[in-house]
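Spelled out, the chains give:
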Amino acid sequence: MIKELKKNLTSAINTIMPLVIIVLILSLFVPIDINLIISFLLSSILLIVGLSLFTFGADLSLAYIGNKIGKDLVKSKKIPLILIVGLLIGTFVTIAEPDLMVLAEQITSISSVTLILLISLGVGICTLIAAARAIWGWDLNVILIISFAIIFLLVFFVPIEFIPFAFDSGGVTTGTISIPFLLTLGMGLVANRMDKKAKEDSFGLIALGSTGPIIMVLILGLFYAPTDTIVFDSSLYHSFAFSNYFIQVVKCFKEVILAISPILVVFIIYNIITNNVKKMEMRKILFGIVITIIGLTLFLVAANVGFLNMGYALGNFFASTNYKYFLVFIIMILSFFIAIAEPAVIILIDQVKEYTGGGISDKALKIALALGVSIASGMSMLRVFTQTPFFYLVITGYGIAFLLTFVIPKVFTAIAFDAGGATGGSLTTAFLLPMSIGACVAIGGNVYKDAFGLASMVSLIPIITIEIVGLLYQIGMNYNERFESYDDSIIEYDWEVSYE
């Protein structure tokens, strides 16, 4: 147990420290209030401790619950029960997603509770569909094409302010807490299948979980008419008092309890009905839940007090100078190092490595994902300055992504779209998005149209980079098959010479 905690602590340090070092270097040249720097450093420590405790606790509790329920549901062979529980699990686990909480806090014109519940329901519905796919082996490509056809149809009927944020909601819902849960649930659902596609179908649940929130927020846009008075409350990012920590601890603790409770209640009811969880396992799960609550509270406090502030301040400062385009390179460097150490990315890569038997190195996957995130972040910041319509980028990106699905192995479609869901991690919403917002406010842009959309681009471009890796993998496999098909046995020639 201590070994696992140390592993999670090391992973958290590797994730946070590159960003801290780069920010400290920038602070030598940027006139940032000393209180903000101190607050950022303190928040960095809290974020490292919180993230390590959170992932450690989630492994003990949430990941175990997901795998246990997934396997038991399939054994029950009660399809209605499987679908209903899939809906509940997908909804409740998303309510507890820290990335979604941080994103919802940055929207002032819509109730954060309404957003979280609506987006979580979208994930729940998609989890239900994913459960059905795991049972009946539905084609993921077809489901994704139908989902995005609905999305792009809705886009034409909603206010333009809703489009970037709707896609962002899909990018952040599958994050630190939901990815290990949904991955283990997916593996549990196919555990009892013996066909060749079973292992392949364990992928794709995260991909589907990213589409539901987009649809739900776009549907909200059909009924919610924004006005010109919609503004982003930037005053939140100029309050650096240390008393904010105590206020945030109380606030975030209440939010976390409310978010985690439904998952725990569902599992307790599930165990009462099935009675197949031993007391020792139950104590381990409850201990993991407590650790998860503590870690998630510290994480949210650090994000709300130090990281949101610093991201906003840096973006606002650089965009106010003649060197604003330098911010494009800063965010690309930051996002590269953030992505390469993202815990959710590491979990997904380990599963891909297992599936391919090491045929694709984890290093190649990490670099492909990190480059995708870096390019996406740079494009998003450039879009803030050029005010390029978000829809142009997203329709082009998904057009390329779906074209590639016809020339790569089907499993790589699932892996690529899963990877897109994994890359929009905690620091994207807690630091990179506030940086984009700060820059947008500085140049007098429209925050909803120009600043939001970063999280969705961070999810989109890595899909393409992983598909390219899949294409190269397919080419390599085809080459090896052709090479091995040659008959390399010794050919005997008749070299007899006639001496007449």
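Our subject is the structure listed above.
Residues numbered from 1 in each chain as written. Predicted model: local features only at pLDDT ≥ 70, side-chain atom pairs only at ≥ 80, totals over all residues. Heavy atoms only, no water.

## A short note on the overall build of the protein chain
For step 1, the next point in the chain: Per the secondary structure count, the protein chain includes 21 helices and zero strands.
For step 2, the next point in the chain: Per-residue burial over the protein chain gives 57% buried out of 500 residues.
For step 3, the next point in the chain: Contacts in the protein chain between residues far apart in sequence, at least 24 positions, make up 87% of those at least 6 positions apart.
For step 4, the next point in the chain: Within the structure as shown, the protein chain displays about 21500 Å² of accessible surface, and the carbon and sulfur contribution to it stands at 69%. (Helix = DSSP H or I, 4+ residues; strand = E, 2+ residues; numbered from the N terminus. Buried < 20%, exposed > 50% of the residue type's maximum accessible area, 1.4 Å probe, protein only. Contact = heavy atoms within 4.5 Å. Areas by Shrake-Rupley, 256 points an atom, 1.4 Å probe, with all protein chains shown as cover.)

## Quick notes on the packing of helix H7 (residues 140-155) against helix H11 (residues 205-223)
For step 1, the next point in the chain: Running from N to C, H7 and H11 point in directions that differ by 20°, and their axes come no closer than 10 Å. Classed by the angle they form, the pair H7 and H11 counts as roughly parallel. For the crossing formed where H7 meets H11, the hand is left-handed. On the side of H7, the interface is formed by Leu 140, Ile 143, Leu 144, Ser 147, Phe 148, Ile 150, Ile 151, Leu 154 and Val 155, while H11 contributes Ala 207, Leu 208, Thr 211, Ile 214, Ile 215, Leu 218, Ile 219 and Leu 222.
For step 2, the next point in the chain: Considered class by class, the residues forming the contact of H7 with H11 number 15 nonpolar, two polar and no charged. (Axes fitted to C-alpha atoms, helices over the stretch in contact; angles between N-to-C directions. Parallel < 35°, antiparallel > 145°, perpendicular 65-115°, else oblique. Left-handed = near helix turned anticlockwise from the far one by under 90°. Nonpolar A, V, L, I, M, F, W, Y, C, P; charged D, E, K, R; others polar.)

## Notes on the packing of aromatic side chains
Any pair of aromatic rings gets described here by the distance separating the centres and the angle formed by the planes.
For step 1, the next point in the chain: One pass over the structure, following the stated rule, counts 20 aromatic pairs.
For step 2, the next point in the chain: Between Phe 148 and Tyr 398, the aromatic rings sit 4.5 Å apart at their centres with planes inclined by 40°, giving tilted as the arrangement. Of this pair, Phe 148 sits in helix H7 while Tyr 398 sits in helix H17 (residues 390-404), placing them 250 residues apart in sequence.
For step 3, the next point in the chain: The class of Phe 148 is buried, set by a relative accessible area of 5%.
For step 4, the next point in the chain: Between Phe 165 and Phe 452, the aromatic rings sit 5.8 Å apart at their centres with planes inclined by 85°, giving edge-to-face as the arrangement. Of this pair, Phe 165 sits in helix H8 (residues 162-172) while Phe 452 sits in the loop between helix H20 (447-451) and helix H21 (454-485), and the two are 287 residues apart along the sequence.
For step 5, the next point in the chain: Members of the aromatic cluster, connected to one another through ring pairs, are Phe 148, Phe 152, Phe 156, Phe 167, Phe 390, Phe 391, Tyr 398, Phe 402 and Phe 417. (Phe/Tyr/Trp six-rings, centres within 6.5 Å; stacked < 30°, edge-to-face > 60°.)

## Thoughts on empty space enclosed by the protein
If a probe the size of a water molecule is rolled over the atoms, the empty space left behind becomes visible.
For step 1, the next point in the chain: Evaluated as defined, the whole model comprises seven cavities of 30 Å³ or more.
For step 2, the next point in the chain: Lining of the largest cavity is provided by 16 residues; of these, Phe 148, Ser 210, Tyr 398, Ser 459 and Ile 463 occupy positions nearest its centre.
For step 3, the next point in the chain: Class assignment for the residues of the lining of the largest cavity results in eight nonpolar, eight polar and no charged. (1 Å grid on protein atoms, 1.4 Å probe; cavity = no way out; pocket = protein on both sides within 12 Å on 5 of 7 lines; lining within 4 Å. Points joined across faces, edges and corners; volume = space filled by probe spheres on them.)

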